[in-house]
Amino acid sequence: MAFLLRRLVRVITVVLFVTFFSYFLLNLLPGDPVTSIAPFGTKEIKAQIRHENHLDESVPVQYFSWLKNFVHGDLGNYYTPSSSSPVSKDVKTRFPVSMQLVLYSLFLTLIVAIPLAVFTAYVAGSRTDRIINTVLFGAFSVPDFALGLVLAYIVGVKLRWLPNSGYAPFGSGLWNHAKYMILPTISLAVAQIAGFTRVLRSDMIATLQEDFITMAKSKGISGKRVLWRHALRPSSLTLLTVAGLNIGALIGGTVVIETIFQAPGLGLLLTQAIRGRQFIALQSTVAIIAIAYVLINVLIDILYSVLDPRVRSGAL
Amino acid sequence: MALSSTDLGANLAKIPTAAGVKVEKEARKRLGITGWFAVSWLSVISLAALLAPWLPIAAPKADFLDLVEPNGNPPFHMAAHILGLDGNGHDMLAQTIHGARVSLQIALGAVLMGMVIGGTLGLMAGYFKGKIDRVISTVFDIFLAVPALILAMSLVAFLAGDPAKPPTGIFNIERIMTLALGIVATPPLGRIARASTLTWSEREFVMAARAQGAKNFKIMFVEILPNVLPAMLSIALLSVGVVVIAEGGLSLLGVGVNFTDKPSWGNMIAQYAQTDLNDHPWLVFTPIIAVFLTVLSLNMLGDVIRARFDARETTL
Amino acid sequence: MSEVHGGTGDNPQQGEALIALRDVTTYFKTPRGLVRAVDGVSFTLDRGKTLGIVGESGCGKSVLSKSVMGLLPKRNVVRGGSITFEGREIGKAGPNELRELWGNQMAMVFQDPMTALNPVMRTGKQITESLRHNLGVTKEFANETALQLLTSVGIPEPERRLRQYPFEMSGGMRQRVMIAIALACGPKLLFADEPTTALDVTVQAQILDLLDAQQAERFMAMILVTHDLGVVAGRADDIMVMYAGQAVEKAPTRTLFAQMRHPYTEALLKSIPKLDQPSHMRLDAISGRPPDLVHPPSGCRFAARCPYAQERCRQEAPPLVVHDTPGHEYACWFPVGTPEGAEALAKNQAAAIAATPAGGH
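Residue numbering note: each chain is counted from 1, following its sequence as written. Labels follow written order: the first chain is A, the first ligand is 1, and so on. With pLDDT at 70 or above as the cut-off, local features in this predicted model cover only qualifying residues; side-chain atom pairs require 80 or more to be listed or tallied, and sums for whole chains, interfaces and linings still use all residues. Here the side-chain values reflect all heavy atoms present in the structure, with hydrogen atoms and water set aside.

## Overview of the interface of chain A and chain C
Move 1: Residues count as neighbours in contact if any of their non-hydrogen atoms are within 4.5 Å of one another. On the chain C side, the residues contacting the 24 residues of chain A number 27 residues.
Move 2: Summed over both partners, the accessible area lost on bringing two parts together, with a 1.4 Å probe, is the buried area. Carbon and sulfur atoms supply 59% of the area that chain A and chain C bury against each other, a total of about 2,400 Å² over both sides.
Move 3: The largest share of the area that chain A buries against chain C comes from Met-215, Ser-218 and Lys-219 of chain A, three residues that together contribute 26% of it.
Move 4: One side-chain nitrogen of Lys or Arg within 4 Å of one carboxyl oxygen of Asp or Glu is enough to make a salt bridge. The interface formed by chain A and chain C includes two salt bridges.
Move 5: Across the pair Glu-129 of chain C and Lys-219 of chain A runs a salt bridge, and its minimum N-O distance is 3.2 Å.
Move 6: Any N or O atom pair separated by 3.5 Å or less is treated as a polar contact, with the protein-specific requirement of one donor-capable and one acceptor-capable atom, and with residues adjacent in sequence counted only for side-chain atom pairs. Our count for the contact surface shared by chain A and chain C stands at nine residue pairs in polar contact (both at pLDDT 80 or more).

Next up, the structure:
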């Protein structure tokens, strides 16, 4: 119980810091923030910006007003030279798109990386293993956006097998939705697969040398069962750690991939906000993404204790 | 005395599947073909980047408009412009080399900053432990709570301000990028320095130095640092690759060096992806290949160095 | 090479022995060369009998038991000789054939229960897995049997223990669990590889008694592998002493202790500290190190460390044969307790005294 409480306190502290950081970004703008946001705006619009975002008040007041609004779902507004519109509507529609991309990539990564790692660990040192490892090493060095652009060109432009921009929601039909998501997902997943497989493989090779694997074999159970039921489980912790470390990169990658494939997610929102000087929108979106990331990490921590009984009892 | 062959035999018996011999050999990687390739490419590109203004190549933004063909100028078609021209008549080879200059400058600057600041903080945290460690680690954790690319992007976007008025002078956009990426690089490098310091501080020679009356900072920098440095070196090499990729990602998001001012690998990719992917794809692929080769070489080198020092650890 | 039988008399009938090894070799391919971990070992064992294999670490005894069971990897391992189990040759058996044997017919208790049990799997599951896979029983039946097994190995509160993880138990209890797992499907042959080395002295006796009791109850054959002569003293029917991959002496237990012949056996016995020795007395360690198994010496492998060694020992390897007592084999030119041996020892001691400068030590 005390354990959970401590974690909760820690999570809340981190969330507070993250929100403060997101809020504080606005103060980094050179000169008067209003001129950065709406340099060609009318006097009215400028006054509105100043008022709605409490820009004339002190930092603590600004922060708490911002936080209050944020918690209530008010994520600020987009400002054109003459009008404004709320950001939250946009975020609501775009969030699922980014989430889908992240989840699909994660899923693809796991279903490819885990069997690949188990297989290469089993045949470690053989020629097949070395070839696969070399390929993975190369894949690891390819930036996700590079792969995205290459795929967009080859598959989208040259071969015309799949569209290389746009999006259709899940509800509009499975293939309709999938065809827009395939290339972005693959672009994101490839580098992830390379990283995952390498780490999991070396972890499994180490596990396979342990005594309890020989013992399990000596019970007469099948080799497959030994590999999957006995050898993989202790390595699942490493898997989780790598997943945790990689989610951050995955989120960053999603942001860029969305821009390349014009998928209307939070990433594209960021890019458009930057281009359009929508710094308020930018700030809120960054906050949303950051908080989502913190919560995901909390989830991973919880999964940790589920997977390893030693962590649960505090023995580790 | 060296491991007796009887011990070796008994230990081999523990490995149920892996070819113990071959796996051991892999670990002791000599600077093979891959190592030499990596070193060659990196030397060539670094030298070219360093000497760019004095090399007998065109100025990067000089336009050879009269040579521009309607279907574009792909590489290896013209002797005078070996990598072709872009839509505005700029020589691709010149842009690539000057782009290397910018991208590598930013990457090296960021990693250097990360090593110095992160390294120092990590050393302090690992050596003094206790409260100092808690504070430093919490700071690291806070920065790590935001996905890296998001953090970098928000720092650059807000520090740079209005995209139509890019900052110049002392805090020009490259410096801002180096600073932002350096801040992002500090926590991971700091964490590694800390972990490494923790292991090394336990060793007896530290106790011996203290017993001789050496001051803390002297111990940290004279005794511990030389041992921590090799571990950080391989990570540093990989980090340079990561930052080069990050610069690409940031440019694609719309923050970064302005293409019309100066080429960088990132803004070249971003620019040509927008305008030329369908008709003149080679323009996009040229900087992508440059990035890929550089990151691949850095990863290879980092791997070789890590293997070398892993071996060193075990013979200690 | 003649064979030793598990105490059933001197005229063997091949069909009776449960397991028979003939000239078994196990070599490892390493960058340094071919390591001859097991270099020509033979023995037979009947059901209900215990064979103790004794030797220092690195002598090949663990490799031997793993090799016999077939648990060694295929790559870079060269196995030779014949291993017959219940009359069937299993030395060259494929993985499927071996899996049929494992669990059902033969099982192994490993040395360190902390590393030999899966740390993230409940102990109950580790037992029932073997039962369900080998005997095809239902989950309920398997759980029932597991409970009975835990009780029979002397674990109190078995229901609670079933659901626990290995790290929640003491070393002695973990070893009992491992024994329960090994015995679960009623194997005919049990390998116990240093079963007590990782345990406290107080627990060692309990575990050995447990193994004894189980063996008697199930009429199992047992191979007890250890570096400690004391462990096999009261518990094995026959003992085989190994050195540098070869068997150097084989005899029924009482014979071995009463009339040991091989100098290595003698040295092993002497190196055990005894309660009635005066304290602070120097332990009789065997000086020197085992030979290089990649290039073993052409003569007797123990010659370099043997107090009885003569020139002949270094040139010619002595064969492992029965000399006078039936059932007692040893490989030595100048054995302990014989006039040749005594003479050889005296010669060496005189030479040593002559070689040391006056005032010695």
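## Topic: the sheet that holds strand β2 (residues 33-45) of chain C
Residues and elements named next belong to chain C.
Move 1: Each pair of strands is called paired provided DSSP finds at least two bridges between the two strands. Where helices and strands are cited, they refer to DSSP runs of H or I of at least four residues and of E of at least two residues respectively, numbered from the N terminus. The strand order across the open sheet formed by four strands is β2-β1-β4-β5, and the pairing between neighbours is antiparallel. The outermost strands of the open sheet, each flanked by one partner alone, are β2 and β5 (88-89).
Move 2: Axes, fitted as lines to C-alpha atoms, cover a helix only where it is in contact. Angles between the N-to-C directions of the axes lie from 0 to 180 degrees. The strands touched by helix α1 (residues 61-69) within the sheet are β1 (19-30), β2 and β4 (77-85), with β1 carrying the most contacts at an inclination of about 110°.

## As for the sheet that holds strand β9 (residues 238-243) of chain C
Residues and elements named next belong to chain C.
Move 1: Taken in spatial order, the eight strands line up as β6-β7-β8-β3-β9-β10-β12-β11 in an open sheet, and their pairing is mixed. Here the strands that pair on one side only, and so sit at the sheet edges, are β6 (106-109) and β11 (321-322).
Move 2: With two bridges joining them, β11 and strand β12 (residues 329-330) adopt antiparallel strand pairing. Within β12, the residue paired with Val-322 across the bridge is Glu-329.

## Quick notes on the nonpolar core
Move 1: In this description, a nonpolar core means a group of buried Ala, Val, Leu, Ile, Met, Phe, Trp, Tyr and Cys residues linked to one another through side-chain atoms lying within 4.5 Å. For the exposure calls, accessible area comes from a 1.4 Å probe over protein chains only, and a residue counts as buried if that area is under 20% of its type's maximum, exposed if over 50%, partly exposed in between. With 129 residues, the main nonpolar core has Leu-282 of chain A together with Met-153 of chain B as its most contacted residues.
Move 2: Excluding its chain neighbours within four sequence positions, the residues that come into contact with Met-153 of chain B are Leu-270, Ile-274, Leu-282 and Val-286 of chain A together with Leu-250, Leu-253 and Val-255 of chain B.

## Considering the interface of chain B and chain A
In many analyses, interface size is given as the accessible surface area lost on bringing the parts together.
Move 1: Counting residues at the interface gives 52 residues for chain B, matched by 58 residues for chain A.
Move 2: Buried area between chain B and chain A, both sides added, is near 4,600 Å², and the carbon and sulfur share of it is 76%.
Move 3: Counting every contact that joins chain B to chain A gives one salt bridge.
Move 4: In this structure, Asp-303 of chain B engages Arg-198 of chain A in a salt bridge whose closest nitrogen and oxygen atoms are separated by 3.8 Å.
Move 5: Our count for the chain B to chain A interface comes out at one residue pair in polar contact (both at pLDDT 80 or more).
Move 6: In terms of residue count, helix α11 (residues 281-315) of chain B provides more of the side of chain B that touches chain A than any other element does, eleven residues in total.

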